[in-house]
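Spelled out from the first residue to the last, the chains are:
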Amino acid sequence: MFAQPFLGELKGGHVDAVSSLAICRTNLCPVVSGGVDGTVRIWDLQNRRMVTSLDGAHSRNVSGIVFGNGIDGNFFSCGEEGIIKAWSIYPQGQYITADVDDSDDEDMDKKPRAKRGNLKSSQGSDDAESPYGPLNIYRLPSSRSNSFANAFHSIDHHWSESQFATASSDAAVHLWDPERTTPITTFNNLWGSDDTVTTIRYNPAERDLIAHCSNDRGIGLHDTRTASALQKTIMGMKCNCLEWNPMEPYVFVVGNEDYNAYTFDMRKLSRPTTMFKGHVGAVMSVGWSPTGTEFVTGSYDKTIRIFSTRKEGGTASHGAYGSNGTARDIYHTKRMQRIFCVGYTLDHKYILSGSDDTNLRLWKARSSEKIGQLSAREESSLQYRQALVQKYAHLPEVKRIHKARRVPKFIKKETEAARVQKEKRRRKETNVIKHSKPGTQKYTDEKGKVIVKTVD
């Protein structure tokens, strides 16, 4: 109840809202963020400081950033101006050389001098030179004069192959090879829909499976091996984000405009497996824990919530919640504004968030967890207390204390208003069934109401 999960901000934040965030899949420290002003910044998570700022990386909003699957430190960024750029977190062209003249003995005493090589963009010499890139620039082959028609909204890299995918405003999903500047495959017949594709994600286990979200409120699956669309489900409202479970690759979670998050089994898209409630604003971003037992959400209501998806395999600290759709923790600060991107670090101990107030913040994944090495006595005491909470979690007083969270006054008011509205809708539905001909009207559960239809 009195824990302080907020650790601090990353020094040297953006000058505009943070729109995208990428955490390296092979290294704990590197983090890359993108801003609405087109700036890309590289961070050292260990020291909580900025390594470099790539000003002017894009001329418009940086809509997506993703790391490659190699150890070379390359990452890709896409912008709403219709350009994808490849960068490196390590400075390129830096080497050590010694200016030594064999004919002069005095020059032998000269110390080696570091020189930085120049790496120019393929756009020409007008671009700013940077040792971090761009290493390559990718564009869609189009003759349209309006760059918004080819704006990129999301990017994701394959988990094992040298390949990445993008979602764009031309109602298509494009697959790219880093060695080629044009797409190698394009899915432009997305079930007859011409709406913008907003989110694209590779499945971590199925090498040829891609999921996407679009502005027509749809969630679709693609098979890149046969270049075919598999299945699509239409929800009542639009989904803003999608992420696959890294440990259970047939499960994914989406954040919706109706203030809820939903988990789906890709084998049955006609119904969500679980509905996660609590937010009073649209869910803008989701991120799975590396353990696959919980995920974090960032919302337009200026709060971060952590949801546990299952009781088995979890710890006693959050096992009591199970998968009933209630957040085990709520994080917020007075200055934090609307949250556009969240994510777990690889060690499952910390959470990063980027918000509208230009800051990147670092949080503990478990608010009351001690940072550092625990002694045997401390670990034994902690496990004993967790076991007691789990044993007596059904008691009303223990449950009340264990679930108590301080939230802003605005959240309390909106939550109460949502509760009243829900009761009214339920009462109306009950009255309709009560005064209708028997058998003509039936109760519909909440999970069944969110799906409009499925398309094969």
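Note that the structure is predicted; figures quoted are calculated from it, not measured.

Calculation rules
Residues numbered from 1 in each chain as written. Predicted model: local features only at pLDDT ≥ 70, side-chain atom pairs only at ≥ 80, totals over all residues. Heavy atoms only, no water. Helix = DSSP H or I, 4+ residues; strand = E, 2+ residues; numbered from the N terminus. Contact = heavy atoms within 4.5 Å. Areas by Shrake-Rupley, 256 points an atom, 1.4 Å probe, with all protein chains shown as cover. Core = buried A, V, L, I, M, F, W, Y, C linked by side-chain atoms within 4.5 Å. Buried < 20%, exposed > 50% of the residue type's maximum accessible area, 1.4 Å probe, protein only. pLDDT = per-residue confidence, 0-100. Salt bridge = Lys/Arg side-chain N within 4 Å of Asp/Glu carboxyl O. Pairing = 2+ DSSP bridges. Axes fitted to C-alpha atoms, helices over the stretch in contact; angles between N-to-C directions. Patch = residues over 30% accessible without salt bridge, like charges linked within 9 Å, V, L, I, M, F, W, Y side chains within 5 Å. Phe/Tyr/Trp six-rings, centres within 6.5 Å; stacked < 30°, edge-to-face > 60°. Lys NZ or Arg CZ within 6 Å of the ring centre and 35° of its normal.

## Re the overall build of the chain
Within the chain one finds 5 helices and 31 strands. Here the contacts in the chain between residues at least 6 apart in sequence split such that 50% fall between residues at least 24 apart. Accessible area for the chain stands at about 23,200 Å²; split by element, carbon and sulfur atoms hold 48% of it.

## Here we look at the nonpolar core
By size, the foremost hydrophobic cluster in this structure holds 17 residues, and its most contacted members are Ile 219, Met 235, Leu 242, Phe 252, Val 254 and Phe 264. In this structure, Met 235 is in contact with Arg 217, Ile 219, Asn 256, Tyr 262, Phe 264, Val 450, Ile 451 and Val 452, ignoring residues within four places of it in sequence. Core analysis: the next-biggest nonpolar cluster, separate from the first, contains 14 residues, Val 32, Leu 54, Phe 75 and Trp 87 among them.

## Quick notes on the confidence of the model for the chain
Averaged over all residues, the pLDDT of the chain equals 84, while 87% of them reach at least 70. When the elements of the chain are averaged for pLDDT, strand S10 (residues 113-116) gives the smallest value, 34, and strand S24 (residues 283-288) the largest, 96. For the stretch residues 95-127, pLDDT sits under 50, and the model shows 41 contacts to residues farther than four places along the chain or on other chains. Counting interchain partners and residues more than four positions distant, the pLDDT-below-50 stretch residues 312-321 has 19 contacts.

## So, the pattern of salt bridges
Counted according to the given criterion, the structure contains 20 salt bridges. For Glu 429, the salt bridge is made with Arg 426, and the minimal N-O distance between the two is 3.4 Å. Here Arg 426 and Glu 429 lie together in helix H4 (residues 409-434), a separation of 3 residues that amounts to about one turn. Given the relative accessible area of 15%, Glu 429 is considered buried. Each of Glu 294, Arg 328, Asp 329 and Arg 405 takes part in one network of salt bridges that share partners.

## A look at the sheet that holds strand S2 (residues 18-23)
Spatially, S2-S3-S4-S5 is the arrangement adopted by the 4 strands of the open sheet, whose pairing is antiparallel. At either end of the open sheet lies a strand with only one pairing partner, and these are S2 and strand S5 (49-54). Along the sheet, successive strands turn relative to each other by an average axial angle of 20 degrees, direction set aside. Judged from the 5 bridges that link them, S2 and strand S3 (residues 30-35) form a sheet pairing that is antiparallel. From the neighbouring strand, Leu 21 faces S3, where its bridge partner is Ser 33.

## Quick look at a nonpolar patch on the surface
The grouping of Tyr 384, Leu 388, Tyr 392 and Leu 395 at the surface amounts to a nonpolar patch, some 370 Å² of accessible area in total. For Leu 388, the location among the structural elements is in helix H2 (residues 376-391).

## A few points about unusual backbone geometry
With an omega of 10 degrees, the peptide bond between Gly 133 and Pro 134 qualifies as cis. Tracing the sequence through the fold places Pro 134 in the loop between S10 and strand S11 (136-139). Even without glycine at this site, Arg 48 takes up a positive phi of about 55 degrees. Inspection of the secondary structure assignment puts Arg 48 in the loop between strand S4 (40-44) and S5. Positive phi is not limited to glycine here, since Tyr 259 has a value of about 80 degrees. Take Tyr 259: its relative accessible area is 40%, and that puts it in the partly exposed class.

## A few points about the packing of aromatic side chains
A full pass over the atoms with the stated rule returns 16 aromatic pairs. Consider the rings of Tyr 138 and Phe 164, whose centres lie 5.4 Å apart with planes at 75 degrees: the pair is edge-to-face. Of this pair, Tyr 138 sits in strand S11 while Phe 164 sits in strand S13 (residues 164-168), placing them 26 residues apart in sequence. Given a relative accessible area of 0%, Phe 164 falls into the buried group. With centroids separated by 5.2 Å and ring planes inclined at 70 degrees, the aromatic side chains of Trp 244 and Phe 252 adopt a geometry described as edge-to-face. Note on Trp 244: relative accessible area 6%, which makes it buried. Chaining the aromatic ring pairs together yields one cluster made of Phe 76, Tyr 138, Phe 152, Phe 164 and Trp 176. It is Arg 25 that lies over the ring of Trp 159; its NZ or CZ is 4.1 Å from the centre.

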